[in-house]
Amino acid sequence: MFTSKLKAILGQVLFTVNVFVLFLVLAENQVLIPDWLHVFGRMHPLLLHFPIVIILLAILLVGIPELLKKKEESHTYGTDLLLIGALTAGFTVIAGLLLSHEAGYVKEALFWHKWTGLGIFWGSSILYYFIDSQKHLMIKIGASFLALIVIVSGHLGASITHGENFITAPIENNDVVIVSLEEAEVFPHLIYPIIENKCLSCHKASKQKGELRMDTPENLLKGGESGAAVEPFDLENSLMSQRINLPEDNEDHMPPEGKPQLTEEEKMILDAWISSGAITDKKVLALSDTSSIYKLAVQKFAAAPKVYEFDAVSKDKLDDLNNFYRKIQPLGIESPALSVSYFGRANFDPASLAELSEVNVQTVSINLNNMPIKDEDLSSLSSFPNLEKLYLNFTEIKGQGLQALVGLENLSLLSLSGSNLTDEAVAPLSQLKQVKKLFLWNTGLSKESLEKIMNALPQTTIEIGTEEKSTLLMLNPPVIGFDKAFFKDNLEVKLTHPIGTTSIYYTLDGTEPDSSNFTLYDKPLQIKENVAIKARAFAEGWIGSSVSEAEFISATISPSTYEMTSLPEDRYKGDGGKSLFDKKKAIPDVWNLNWLGFYNNPLEVEMEFEEPTDISSMAISLWQNLGSRFFPPQEVEIYTRTDTGQNWKLSKSYRPKALQKEDDTYLRQVQVPYTEKGVQYLKIIAKPLEKLPSWHNSAGKKAYLMVDEIVLN
């Protein structure tokens, strides 16, 4: 193949490369690599393919000369290929040594890959220099050993880049572990699988791009060189949320271009997890039913539909039954079976269960988790002949009402976890022979009561969890019960907790209650002015609960009729125009059904009052969240007229103060300085911000206007 002169030149080049590589190895910690050389270092993944193929082919020809008709040709071709393979291995090793100086690689993971790579280069060089010796056995042994090192080094490199089990993954048992909703934990079953599939190839123990590891919750909170990946409750300052929501062509977008991308559902799950506090140590069913992470998890762990013989319910009927606190939907596209889920404890009315009588045959799953349902309300469920799954976790059920479920022949799963049951529950539960799975963890039942139920239901899988008496558990937060957050004259507010021995501390000034700052709750509160209630539960032998909070706002004027003349975005359409004057306060959660979100259209609503009305104050209740691009309106215009035959006349134009980078994220009211006497017809137009300010990550783009109520006094 090569002339003698060319081989001599290439041999000298090979010797020079060996000397340079030896220098890099010996002076590794003393050499300062200039930036332009890092470009060559990053070519390592490209270069490494050449020496692997060339050296293995050379070894094949040297080790098995019979492959060609003439052994002399086999030796010649093998020698020349070995020379080229050693040279390309040398350049690949140089690039690899340069690349190893960059951040993001753990030295322990690089150690064996580095030295096996050097072994390939030096081994192929030595084999080339001694290839013409007469020690054929030693040459074959050396060639075989070199082939082994090539394979091992390639595997180690693939493990660093793609993961420890990259090569063996296809033959490993990778069956997805399927867990039920009752067993599902937030981080291990909902969050980590997304991170494992889309993030760990670059952010694990062996490879830490940007000095960031994402393989544990602690590492996510610790973050990397750019800061914390996750800031609980704070999407705006959570780098993970920022990066995954950037356009894919943005150089900071994650995962980077060319890597498997997150689906929209996965993005929503991660964002909802951060917004809900980046919970790592709870089961899904322990979450608040109003949180977006809970709703997404319920959908995620829903079982695949089976075939049913009954007829489907019409879409119009489902539309009539669905509302902002109750969701009824088919189990699958072609399935007639329905699942029913309730959301929003404060909005729950037990009488609404009777409304389901129109779909009682088709309903196979009912989720009443976290609802204030009582024993007497369970009688409504006895008329669901095909009910298979019933979720009653963290309810107010004590036990005697469970007798209503005994006749449900198809009931296969019943979950009562977190409900404070009494011994009255033992008898009806013991009769539920048809139930295959029964969840009773954290129900307060005694050991003797649980044993009675287990003995009565030997064919039923009963989950009771584990109890560690020495471990203090945190109380659930108290429930703030009220009719509507916006009130006209006064409002009664009740604070309750499912564990009767708790004491509830509260404040009315927005501060957090503790042992030195509280009022002890003893009777319902009468609210007559704007207040922010914060409450915590305390009991002996328990850790005090987290804070429950609610804001109550006086809104004394409501129009007799009104019409929203421009539509919100489909994703944030709430309950339509009703949301603006329904007196219901939204929570800081994009999935809360009280939000109306405007982006392409302004908020535009026309109102008529029953009689001429004096207006002394006006406010728009909204959600301000800089990271999510939820901004106050750019401009508010107010129009009036005296009758429907007249054109609208501009009465007031107001521009709220522009936000600054340091402004907080919170629910607020934008006060519009407007007073007018004798108003009969009123129109409000609130325009979303057209261009985000230059300091914002999405500068120049539109902002959302997120509104839950218009407040008039």
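It should be noted that the structure appears before, not after, this text.
Residue numbers run consecutively from 1 along every chain, following the written order of its sequence. With pLDDT at 70 or above as the cut-off, local features in this predicted model cover only qualifying residues; side-chain atom pairs require 80 or more to be listed or tallied, and sums for whole chains, interfaces and linings still use all residues. Calculated side-chain values reflect all of the structure's heavy atoms, with hydrogen atoms and water omitted.

### So, the packing of aromatic side chains
- Between rings of Phe, Tyr and Trp, where Trp is taken as its six-membered ring, a pair exists when centres lie within 6.5 Å; planes separated by under 30 degrees are stacked, by over 60 edge-to-face, and by other angles tilted. In the structure shown here, the tally under the stated rule is 18 aromatic pairs.
- Counting every residue linked through ring pairs, the aromatic cluster contains Tyr 572, Trp 595, Tyr 599, Trp 623, Phe 630 and Tyr 704.
- We count a charge as sitting over a ring when the NZ of a lysine or the CZ of an arginine lies within 6 Å of the ring centre and within 35 degrees of the ring normal. Note that Arg 641 overlies the ring of Tyr 681, its terminal NZ or CZ placed 5.8 Å from the centroid.
- For the cation-ring pair, Lys 683 lies above Tyr 639, with the distance from its terminal atom to the ring centre recorded as 5.1 Å.

### A word on the sheet that holds strand 24 (residues 666–672)
- Here, strands pair whenever DSSP counts at least two bridges between them. Counting from the N terminus, the helices are the DSSP runs of H or I reaching at least four residues and the strands are the DSSP runs of E reaching at least two. With respect to topology, 4 strands assemble into an open sheet ordered 19-26-21-24, the strand pairing being antiparallel. Either end of the sheet is taken by a strand with one partner, and the two such strands are strand 19 (596–598) and strand 24. For this sheet, the mean inter-axis angle between neighbouring strands, taken without regard to orientation, is 40°.
- Alignment of strand 21 (residues 618–624) against strand 26 (residues 705–712), held across 5 bridges, turns out to be antiparallel. Bridge pairing in strand 26 links Ala 619 to Val 711. To get an axis, a line is fitted to the C-alpha atoms, and for a helix only the part in contact is used. The angle between two axes follows their N-to-C directions and goes from 0 to 180 degrees.

### Brief notes about helix 11 (residues 264–275)
- Between the first and last residue of a helix there are one fewer steps than residues, each counted as 1.5 Å, and that sum is the expected span. Under the 1.5 Å per step criterion, the end-to-end length of helix 11 is 16 Å for 12 residues, consistent within 8% with the ideal 16 Å.
- The buried label goes to any residue with under 20% of its type's maximum accessible area, the exposed label to any with over 50%, and the partly exposed label to all in between, with areas taken from a 1.4 Å probe on protein chains only. All buried positions along helix 11 are accounted for by Glu 266, Lys 267, Ile 269, Leu 270, Asp 271, Ala 272, Trp 273 and Ile 274.
- Contacts were defined at the residue level, with two residues in contact if any of their heavy atoms lie within 4.5 Å. Looking at the buried side of helix 11, the elements it contacts are helix 8 (186–198), helix 9 (217–222), helix 10 (239–244) and helix 12 (292–300).
- At the exit of helix 11 stands Gly 277, carrying a positive phi of roughly 105°.

### Some remarks on the sheet that holds strand 13 (residues 519–520)
- Reading across from one edge, 10-17-15-12-13 is the order of the 5 strands in this open sheet, with mixed pairing throughout. Each having just a single partner strand, strand 10 (486–487) and strand 13 make up the two edges of the open sheet.
- Looking at chain direction, strand 12 (residues 503–507) and strand 13 are connected through 2 bridges and run antiparallel. Each residue of the ladder has a partner; that of Tyr 506, found in strand 13, is Thr 519.

### Considerations on the environment of Glu 248
- Here Glu 248 is to be found in the loop between helix 10 and helix 11.
- A C-alpha to C-alpha distance of 8.9 Å links Glu 248 and Gln 261, two positions 13 residues apart in sequence.
- Glu 248 has contacts with His 253, Glu 257 and Gln 261, leaving out every residue within four places of it along the chain.

### What to know about the nonpolar core
- In this text, buried Ala, Val, Leu, Ile, Met, Phe, Trp, Tyr and Cys residues form a nonpolar core when linked through side-chain atoms within 4.5 Å. Counting 43 residues, the largest nonpolar core has Leu 368, Leu 414 and Leu 429 as its most contacted members.
- Elements with a contribution of two residues or more to this core: helix 13 (315–321), strand 2 (338–342), helix 14 (426–430) and helix 15 (447–456).
- Element by element, the count of residues in this core is highest for strand 2, at 3 residues.
- When near neighbours in sequence (up to four residues on either side) are disregarded, Leu 429 contacts Leu 402, Leu 414, Leu 416, Leu 421, Leu 438, Leu 440, Ile 453 and Leu 457.
- Formed by 41 residues, the second largest nonpolar core is a distinct cluster that contains Val 284, Leu 285, Val 298 and Phe 301.

### Focus on the pairing of strand 21
- In terms of residue burial, strand 21 counts as a mostly covered element, since 7 of its 7 residues are buried.
- In strand 21, alternate side chains face the same way, and those of Met 618, Ile 620, Leu 622 and Gln 624 on one face and Ala 619, Ser 621 and Trp 623 on the other are all buried.
- Sheet topology note: the strand 21/strand 24 ladder contains 7 bridges and is antiparallel. Counted as the bridge partner of Met 618 is Val 672 from strand 24.

### What about unusual backbone geometry?
- For the bond from Met 254 to Pro 255, the omega torsion is -5°, close enough to zero to count as cis.
- The topology assignment puts Pro 255 in the loop between helix 10 and helix 11.
- At Ala 278, a residue that is not glycine, the phi angle is positive and equals roughly 50°.
- Locating Ala 278 in the fold gives a position in the loop between helix 11 and helix 12.
- A relative accessible area of 10% places Ala 278 in the buried class.
- Even without glycine at this site, Asn 442 takes up a positive phi of about 60°.

### Structural notes on a nonpolar patch on the surface
- Patch rule: a residue counts if its relative accessible area is over 30% and it has no salt bridge; like charges are joined within 9 Å, and nonpolar side chains (Val, Leu, Ile, Met, Phe, Trp, Tyr) within 5 Å. Each accessible area is a Shrake-Rupley result for a 1.4 Å probe, and residues are judged covered by the shown protein chains and nothing else. For salt bridges, the criterion is a side-chain nitrogen of Lys or Arg within 4 Å of an Asp or Glu carboxyl oxygen. Taken together, the side chains of Phe 15, Val 19, Ile 126, Tyr 129 and Phe 130 make up a nonpolar region of the molecular surface, amounting to roughly 540 Å² of accessible area.
- Where the nonpolar patch is concerned, the elements lending two or more residues are helix 1 (4–26) and helix 6 (107–129).
- With respect to the helices, strands and loops of the structure, Phe 130 is situated in the loop between helix 6 and helix 7 (136–162).

### With respect to the pattern of salt bridges
- Tallied over the full model, the rule gives 12 salt bridges.
- Here Asp 80 and Lys 7 are joined by a salt bridge, their closest N and O atoms 3.4 Å apart. Of this pair, Asp 80 sits in helix 5 (residues 71–99) while Lys 7 sits in helix 1, and the two are 73 residues apart along the sequence.
- Using a relative accessible area of 24% as the deciding quantity, one classes Lys 7 as partly exposed.

### A short note on the packing of helix 8 against helix 11
- The interhelical angle for the contact between helix 8 and helix 11, taken along N-to-C directions, is 130°, at an axis separation of 11 Å. Between helix 8 and helix 11, the angle is such that the two are oblique. Taken as a pair, helix 8 and helix 11 cross one another with a handedness that is left-handed. Each of Val 186, Phe 187, Leu 190, Ile 191, Ile 194 and Lys 198 in helix 8 lies in contact with helix 11, whose residues at this interface are Glu 266, Ile 269, Leu 270 and Trp 273.
- Three classes are used: nonpolar for Ala, Val, Leu, Ile, Met, Phe, Trp, Tyr, Cys and Pro, charged for Asp, Glu, Lys and Arg, and polar for all others, with Gly counted as polar. For the contact of helix 8 with helix 11, the class distribution of residues is 8 nonpolar, no polar and 2 charged. In these notes the angle categories are as follows: under 35 degrees is roughly parallel, over 145 is roughly antiparallel, 65 to 115 is roughly perpendicular, and the rest is oblique. By convention the crossing between two helices is left-handed if the near helix lies anticlockwise of the far one by an angle smaller than a right angle, and right-handed if it lies clockwise.

### As for the packing of helix 4 (residues 49–63) against helix 5
- The geometry of helix 4 relative to helix 5 is characterised by a closest axis approach of 8 Å and an angle of 155° between their N-to-C directions. Judged by the angle between their axes, helix 4 and helix 5 are roughly antiparallel. Helix-helix and strand crossings are classified by hand; for helix 4 and helix 5 the assignment is left-handed. Side by side, helix 4 and helix 5 meet where Phe 50, Pro 51, Ile 54, Ile 55, Leu 57, Ala 58, Leu 61 and Val 62 of the first sit next to Ser 74, Tyr 77, Gly 78, Leu 81, Leu 82, Ile 84, Gly 85, Ala 86, Thr 88, Ala 89 and Thr 92 of the second.
- By residue class, the composition of the contact of helix 4 with helix 5 is 14 nonpolar, 5 polar and no charged.

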